[in-house]
Amino acid sequence: MPIPARPLALCLVIVAVSALVLGRAQAGGDHYFPPVSDPLVKEECGACHLAFAPSMLPARSWQRMMGDLKHHFGDDASVAPEVAARITDYLVANAADKAGQPYTRKLLRGLSASDTPLRITELPKWVREHREVSDREWRHKNVRTRANCVACHADAERGQYDD
Amino acid sequence: MNTAAALLPLSLSLSLLLCGNASAAPRDDILRSLDSAARAADPAFAGFSAARGQALHTQTFAGGKPDTPACTSCHGATPRSSGRTPAGKAVEPMALSLSPTRYSDAAKVDKWFTRNCRDVLGRECTAREKGDWLSFMFSQ
């Protein structure tokens, strides 16, 4: 008996679309940045600020940042050299230009290959996504700094930035 | 009543005592080594004081960073309150009774004294200051 081509094609299309939608849902929508899973990185990078997802900056940025922890946004955040090396490996291996997550590549859109930003908040895409946030909101006592993602993105610790 | 039943309360309290000692050991070690250092620095040193530690914790300093003039800038008003770093990260209370896992790793304690003393006081803390401060937190 010949297999009917049209129902089969339709079926395949349905499966493909469902897989795509489900995959998205599992990843938690478009703005998902897998949170840091390495306990050492979580401990060392997450003590003073949110342990930012490695997929929020390109590998070259992480290398530049980890190369000068003595001057870390005005703080001396030095760690032992072997600790710094392990953290760097993790950040580079999961960086925005390595991870292959659909959204993380989008985050680098507009960034010139010769730019090595240290602040996630200076990425052209980040700036565009936050253009509607007013100065008054940034200065709010529960926000105070653009590095304080969780002030507005309640699920930031879990990598969720859809809200 | 048999012997086993009679010995149960004794063995229970003994094991509690021993376990208590086991978990306090790293803290005792940290204080002991600070005590030796404080004695070496000042022969008249007569032990740590939680009251001096409290004064240190709440004092305002001018030598550190402008946005963190006191321990309480990030740690909250009292050892029992939660705090927040300038970057917005929540900090669990420093009181040992509320954060019983704290102060069990000497290297970690050392790391944070180094960083935070520099940021708040603009210099390293002395062994006496560290011991006083820890004694205050252990008493809370």
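Refer to the preceding data block for the structure.
Residues numbered from 1 in each chain as written. Chains lettered and ligands numbered in written order. Predicted model: local features only at pLDDT ≥ 70, side-chain atom pairs only at ≥ 80, totals over all residues. Heavy atoms only, no water.

Draft legend 1. Local environment of the side chain of A:Lys125. Residues and elements named next belong to chain A. In this fold, Lys125 is placed in helix H6 (residues 124-129). Classification of Lys125 by relative accessible area gives buried; the value is 12%. Other than its neighbours up to four places away in sequence, Lys125 contacts Tyr103, Lys106, Leu107 and Arg109. (Helix = DSSP H or I, 4+ residues; strand = E, 2+ residues; numbered from the N terminus. Buried < 20%, exposed > 50% of the residue type's maximum accessible area, 1.4 Å probe, protein only. Contact = heavy atoms within 4.5 Å.)

Draft legend 2. Quick look at the interface of chain B and chain A. Taken together, the contact between chain B and chain A spans 13 residues of the former and 20 residues of the latter. On the chain B side of the contact with chain A, B:Arg84, B:Lys89 and B:Arg115 bury the most area, a combined 41% of that side's loss. Our enumeration of links across chain B and chain A arrives at five salt bridges. For B:Lys89, the salt bridge goes to A:Glu157, with nearest N and O atoms at 3.6 Å. Run the count over chain B and chain A and you get 11 residue pairs in polar contact (both at pLDDT 80 or more). A total of six residues in the side of chain B that touches chain A trace back to one element, the largest contributor, which is helix H4 (residues 106-120) of chain B. Among the residues forming the side of chain B that touches chain A, the class breakdown is three nonpolar, two polar and eight charged. (Buried area = accessible area lost by both parts, 1.4 Å probe. Salt bridge = Lys/Arg side-chain N within 4 Å of Asp/Glu carboxyl O. Polar contact = N/O pair within 3.5 Å; in protein donor to acceptor, adjacent residues only side chain to side chain. Nonpolar A, V, L, I, M, F, W, Y, C, P; charged D, E, K, R; others polar.)

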